[in-house]
Amino acid sequence: MPFTFKQFHIDDSHCGMPVSTDGVILGAWAKLPITTDENKPRNRYRILDIGAGSGLLSLMAVQRINNLNTDVIAVELDDGAAQDCHFNFEQSPWHSQLRGQHQSIQQFSDEIARSGSALFDAIICNPPYFENGPQSDANQRATARHTNTLNFETLLTHIQQLLSANGTASLIIPIQSELGFLAALSQTELVITAKTTICTVETKATSRLLLALKHRSALSKQLPILTSSNLIISDGKGQYTEAMKQLCRDFYLKL
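Residues numbered from 1 in each chain as written. Predicted model: local features only at pLDDT ≥ 70, side-chain atom pairs only at ≥ 80, totals over all residues. Heavy atoms only, no water.

Participant: Pulling in residues and values, what's your account of the pattern of salt bridges?
Facilitator: Summed over the entire model, instances satisfying the criterion amount to four salt bridges. A salt bridge links Arg 44 to Asp 71, with the nearest nitrogen and oxygen atoms 2.6 Å apart. Of the two residues, Arg 44 sits in the loop between helix H1 (21-29) and strand S3 (45-50) while Asp 71 sits in strand S4 (residues 70-76), which places them 27 residues apart along the sequence. Residue classification places Arg 44 among the partly exposed positions, given a relative accessible area of 44%. Between Lys 195 and Glu 178 there is a salt bridge whose closest N-O contact spans 3.2 Å. Of this pair, Lys 195 sits in strand S8 (residues 190-201) while Glu 178 sits in helix H7 (residues 178-185), and the two are 17 residues apart along the sequence. Lys 195 sits in the partly exposed class, given a relative accessible area of 22%. (Salt bridge = Lys/Arg side-chain N within 4 Å of Asp/Glu carboxyl O. Helix = DSSP H or I, 4+ residues; strand = E, 2+ residues; numbered from the N terminus. Buried < 20%, exposed > 50% of the residue type's maximum accessible area, 1.4 Å probe, protein only.)

Below, the structure is given as structure tokens:
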């Protein structure tokens, strides 16, 4: 259903997966090329949103950077989701900086390689992550939730190819997919540089992981320093924690 944020509106009526807390948290947490030094010259930033769905992460990214020298490309395979993404971009204050690509990430990656286009300073992705288990009868929802068309190995291969030398990719995955993700990650030259565990309430176990990835070559020859933290969403009484409010304050209307 439609969802209104502080600076933009999302229509996800044709998407397999609607706007979710996972997506908002990732969009607010993602490691983006933001500088607070107004006197420092800024290069043109290129951001890639893989499996963009309604375009939520792209819109959050361009709002956060708040810089006309930012371009965001959102790649989405599903017809309905691509339709919603295009509509949401056109209705936003940043429509000139946002571009949707209605194709698979495999096709997009091949086109970037052939054209020699610049790589991306940041990549954001809320990927399909369930490798097994029950799937929805609706093909659109199953595709959005499960690795039918984009498994971790394929996703990470293309992130490695599309991420600039010093860029950062940010993703969110369920805790039960961590081992499969790490196995796929070990086959690449990418390494985890930041990790945040997410609990819905303090008394419950970790349910999600936020992960930031960089090229190993961008780091020192020593083992990368891993920044770890924990986010608790709710205080158990139906109220957001202060940490959750602080993270999402720029987006949720009632914060």
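Participant: Explain the pairing of strand S5 (residues 98-102) residue by residue, including any values.
Facilitator: Across five bridges, S4 lies against S5 in parallel orientation. Of the residues in S5, the one forming a bridge with Ala 74 is Gly 100. (Pairing = 2+ DSSP bridges.)

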